[in-house]
Amino acid sequence: AAVALITTLEGMSDRALKEREPWIQALGQVPSGEASDWLLGLARVAQGDRHHLSAHRWLCLQISNGGSVGQDRLIAAWRAEADPERRLDYLWAASMSRGSETVDFLVEVALGVAAPDYERLFAAECLTRLGETLVVAPVLKRACLTITDPLVRPAFEELLWRWYG
């Protein structure tokens, strides 16, 4: 299915993203590395917006529909990306899954292994909606204590108070 959809989409490459939307959405539903990689490639070059999201963010959302394969590709893209806005897009799209792998990834980000403080805050906010309180609350408290950004720290503390205070 992925090969047929990719072939169709490549034949439509001169058309606007809006015109290719149904095929892109269908490709996003295919749990395949090839489908996810093709959509990631498109996300890196697509311009404009779709449904009040940047083209990049919207395409990342489509990749997240591809199950664990799509999520794995989004996490790998997050690890390799230097652009702050794209990193947040990958992080956000990867957080759409409800599985334990998602919680593990977000815990890793929140604890700051390879993320700036504002990404750690965003991951923490995602965790509050996904993880069990007994697991998430202690992790976020530990993470908050290591935040050094003077703007992010109060926001992180507010997040803790709002959810667990």
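Residues numbered from 1 in each chain as written. Predicted model: local features only at pLDDT ≥ 70, side-chain atom pairs only at ≥ 80, totals over all residues. Heavy atoms only, no water.

Things to note about the nonpolar core
By size, the foremost hydrophobic cluster in this structure holds 52 residues, and its most contacted members are Leu27 and Phe156. Look past the residues within four positions of Leu27 in its chain and what remains in contact with it is Ala2, Leu5, Ile6, Leu9, Ala35, Trp38 and Leu39. (Core = buried A, V, L, I, M, F, W, Y, C linked by side-chain atoms within 4.5 Å. Buried < 20%, exposed > 50% of the residue type's maximum accessible area, 1.4 Å probe, protein only. Contact = heavy atoms within 4.5 Å.)

Brief notes about the packing of aromatic side chains
Taken as a whole and judged by the stated rule, the model has one aromatic pair. Aromatic side chains Trp78 and Phe105 sit 5.3 Å apart centroid to centroid with 85° between the ring planes, which places their arrangement in the edge-to-face category. Taken as a pair, Trp78 in helix 5 (residues 67-80) and Phe105 in helix 7 (residues 100-110) lie far apart in primary sequence, 27 residues in all. For Trp78, a relative accessible area of 2% translates into the label buried. Geometry around Trp78 places Arg87 over its ring, the cationic atom sitting 4.4 Å from the centre. (Phe/Tyr/Trp six-rings, centres within 6.5 Å; stacked < 30°, edge-to-face > 60°. Helix = DSSP H or I, 4+ residues; strand = E, 2+ residues; numbered from the N terminus. Lys NZ or Arg CZ within 6 Å of the ring centre and 35° of its normal.)

A closer look at the packing of helix 7 against helix 8 (residues 117-130)
Helices that pack against each other are described as a pair by the angle of their axes relative to one another and the distance between those axes. Where helix 7 contacts helix 8, the two axes come as close as 8 Å, and the packing angle between them is 145°. Helix 7 and helix 8 meet at a crossing whose hand is left-handed. For the pair helix 7 and helix 8, the contacting residues are Thr102, Val103, Leu106, Val107, Val109 and Ala110 in the first and Glu119, Arg120, Ala123, Ala124, Cys126, Leu127 and Leu130 in the second. When its residues are assigned to classes, the contact of helix 7 with helix 8 shows ten nonpolar, one polar and two charged. (Axes fitted to C-alpha atoms, helices over the stretch in contact; angles between N-to-C directions. Left-handed = near helix turned anticlockwise from the far one by under 90°. Nonpolar A, V, L, I, M, F, W, Y, C, P; charged D, E, K, R; others polar.)

A closer look at the confidence of the model for the protein
Mean pLDDT over the protein stands at 95; residues scoring 70 or higher make up 99%. Across the protein, element-level confidence peaks in helix 4 (residues 55-64) with a mean pLDDT of 98 and bottoms out in strand 1 (residues 49-50) with 94. (pLDDT = per-residue confidence, 0-100.)

Considering the environment of Tyr90
Among the structural elements, Tyr90 can be located in helix 6 (residues 84-94). Taking the C-alpha atoms as reference points, Tyr90 and Arg73, 17 residues apart in sequence, are found 9.1 Å from one another. Aside from chain neighbours lying at most four places away, what touches Tyr90 is Leu40, Arg44, His56, Cys60, Leu74, Ala77, Trp78 and Glu81.

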